[in-house]
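Analysis of the macromolecular model
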Amino acid sequence: MTIDRMDHDLTDEHVYDAVRTRQWRHLSRRGLLRGSAVLGAGAAVAAAVPAAPAGAAEAGPIVKPLPPEWFVSYGTNAEMRWDSVRTRDFLTPAERFFVRNHTATPEIDPAAYRLRLWGSGLRGAPGQDRAVEFGYDDLRSLRAETVTTAVECTGNARSFFTSQQGQAVSGTSWKLGAIGVGRWRGVPLSTVLRRAGITPEAVDILPSGLDAEFVDKGVNQGRVRRPLPVAKALKDVLLAYELNGRPLPPDHGFPLRLVVPGWAGIASIKWVGDIQVAAEPLFSPWNTQYYRFFGPSYPAEGSAPITKQGVKSAFELAWNARLPAGRKVELTGRSWSGNAPIRRVDVSVDGGATWRPAELEGAHAPNAWQRWRYTWNRPAAGSHELLARATDVTGARQPDTTPHNTLGYIFDAVVRHPVTVV
Ligand SMILES: Nc1nc2c(c(=O)[nH]1)N[C@H]1C(S)=C(S)[C@@H](COP(=O)(O)O)O[C@H]1N2
Ligand SMILES: [Mo]
């Protein structure tokens, strides 16, 4: 097998996933995956995931309060209500940040916590256990960096496949609230990898969470984990221990999580307990089995892995909000794109017949959202549908419909937001 990594920019999520998919298909066709030394211990099989260090008890699906005025709760997951967003706050407060848990928030004692790095991509005598550990205080004593970035679930807006397009999808029925923008502080992953003795031969890392193993339809998929290329890991990934100036809340990864700017939410592994560093490509169900498009218009084994989040917009309004008739109504909202900054946002207050530009507010921050406002002049009493359609600087614009995929990923079409004017 040729690993032609020199030809590709692996810091680009799309390129990385395309390259690894090709390798994965090649290896599976040749039957090289079972018990294979090619892939190292963390590859493919859940049984190869090392035991978690001590200190991870389960605290409950979600620990923080979920007041109904801030959240719509789905058991292990909870989305932010857009009408709870305060227009003046660019950042999402930690207590209002959406939660996506495959199982449940674990309770981790920071005094017992260790981050363990191991694998064939670390320096050490061949055949020896090349493992390096860091405690919580060790990590906090290293030079810190701060990064403002969104974390968005790839299934965000999934419910609109059904409500707008009449299509069946599986997974949490998110509206548009499975996104938040935080100011994350922590130690650059590059610092920790270098201290652990990463070698020039290392190609992939595989961070695993300390939450319980994920069982999906009777199959134990092991700990939540998804590989990252070393190129991205060394570029701008953070091992975060703070969100918006306070210690990470338990639900968002306390004591330590990855924050991977610009990549799908699943890359930002919470409660990270160990990181395999490998001189070979790594795979996990989260890049071979999930995060692909399945459905009639895709190959039976699924599309290439999904990476870009698309362009989306949301009004800072309740679903079926009631608005006053006969006056000026200030509509506010936000738009964001997985590709690039937002260039313009157009709003329609007549169900999509006519459009006018919204006024963009504030400077654009990379990997975050663009705020905007729009004045609706004296709406008439009755039911209306409000639409917002964003375009980013690459020219990517929200479409009217999104092609169906059965796992309901990347709904990027314009959302029709119902309101009643009284
Ligand atoms: N260990 C672990 N990390 C995880 C998850 C998880 O269930 N377990 N969920 C992932 C997914 S799918 C998303 S969208 C983000 C959500 O981050 P948040 O709950 O802090 O908003 O975390 C990711 N990291
Ligand atoms: Mo997610």
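Remember, predicted model here, so these are calculated numbers, not experimental data.

The next point concerns the nonpolar core. Counting residues in each nonpolar core, the largest one holds 65 residues, and the members touching the most others are Leu115, Leu117 and Leu239. The element best represented in this core is strand β14 (residues 238–243), accounting for 5 residues. There are two domains that each give this core at least three residues, and those are domain 1 (13–288) and domain 2 (311–421). In contact with leucine 239, not counting residues within four places along its chain, are Leu115, Gly186, Val187, Leu189, Val192, Leu256, Arg257, Leu258, Val272 and Ile275. Membership of the second largest hydrophobic core comes to 21 residues, among which are Ala318, Leu323, Ala358 and Tyr374.

Within the structure, ligand 1 sits among 20 residues, and Phe98, His102, Asp211, Arg257 and Lys270 are positioned closest to it. In this structure, phenylalanine 98 approaches ligand 1 through a main-chain N or O atom, which is 2.7 Å from an oxygen atom. Here aspartate 211 contributes a side-chain N or O atom positioned 2.6 Å from a nitrogen atom of ligand 1. Within the complex, the protein chains bury 100% of what would otherwise be the 530 Å² of accessible surface of ligand 1.

Take the sheet that holds strand β26 (residues 416–421) next. Pairing within the open sheet is mixed, and its 5 strands lie in the order β19-β26-β25-β21-β22. The open sheet has two free edges, formed respectively by β19 (321–323) and β22 (356–357), since each of these has just one partner strand. As paired elements, strand β25 (residues 382–392) and β26 share 6 bridges and run antiparallel to each other. Note on β26: the bridge partner recorded for serine 383 is threonine 420.

The next subject is the sheet that holds strand β6 (residues 114–118). Spatial strand order, β7-β6-β17-β10-β13: 5 strands in an open sheet with mixed pairing. Looking at strand neighbours, the two that pair on one side only are β7 (131–135) and β13 (228–229), the edges of this open sheet. Here strand β10 (residues 204–209) runs beside strand β17 (residues 272–278); their pairing, made up of 6 bridges, is antiparallel. Each residue of the ladder has a partner; that of aspartate 204, found in β17, is alanine 278.

With that settled, consider the pairing of β6. Two elements, β6 and β7, share 5 bridges in a ladder whose sense is antiparallel. Of the residues in β7, the one forming a bridge with leucine 115 is phenylalanine 134. With 3 bridges connecting them, β6 and β17 associate as parallel partners. The residue bridging tryptophan 118 from the neighbouring strand is glutamine 276, located in β17.

The next thing to look at is the pattern of salt bridges. Tallied over the entire structure, the rule returns 14 salt bridges. For aspartate 89, the salt bridge goes to arginine 86, with nearest N and O atoms at 2.7 Å. Salt bridges sharing partners connect three or more residues here, namely Glu330, Glu361 and Arg373.

With that out of the way, let us pick up the pairing of strand β18 (residues 311–315). Looking along a regular strand, one sees the side chains alternate between the two faces of the sheet. When you tally the buried positions in β18, you get 5 out of 5 residues, the bulk of the element. With 5 bridges connecting them, β18 and strand β20 (residues 329–337) associate as antiparallel partners. Bridging across to β20, alanine 314 finds its partner in arginine 334.

Our next topic: the side chain of glutamate 152. Mapping glutamate 152 onto the fold places it in strand β8 (residues 145–152). Overall, glutamate 152 belongs to the buried group, its relative accessible area being 5%. In this structure the side chain of glutamate 152 is engaged in a polar contact, spanning 3.0 Å, whose partner is the side chain of lysine 312. For glutamate 152, the side chain forms a polar contact with the side chain of tryptophan 336, separated by 3.1 Å. Every residue in contact with glutamate 152, bar those within four places of it in the chain, is listed here: Phe98, Ala178, Ile179, Ala264, Gly265, Gln309, Lys312 and Trp336.

Definitions and limits used
Residues numbered from 1 in each chain as written. Chains lettered and ligands numbered in written order. Predicted model: local features only at pLDDT ≥ 70, side-chain atom pairs only at ≥ 80, totals over all residues. Heavy atoms only, no water. Core = buried A, V, L, I, M, F, W, Y, C linked by side-chain atoms within 4.5 Å. Buried < 20%, exposed > 50% of the residue type's maximum accessible area, 1.4 Å probe, protein only. Helix = DSSP H or I, 4+ residues; strand = E, 2+ residues; numbered from the N terminus. Domains from an automatic or database assignment. Contact = heavy atoms within 4.5 Å. Near = heavy atom within 4 Å. Polar contact = N/O pair within 3.5 Å; in protein donor to acceptor, adjacent residues only side chain to side chain. Areas by Shrake-Rupley, 256 points an atom, 1.4 Å probe, with all protein chains shown as cover. Pairing = 2+ DSSP bridges. Salt bridge = Lys/Arg side-chain N within 4 Å of Asp/Glu carboxyl O.

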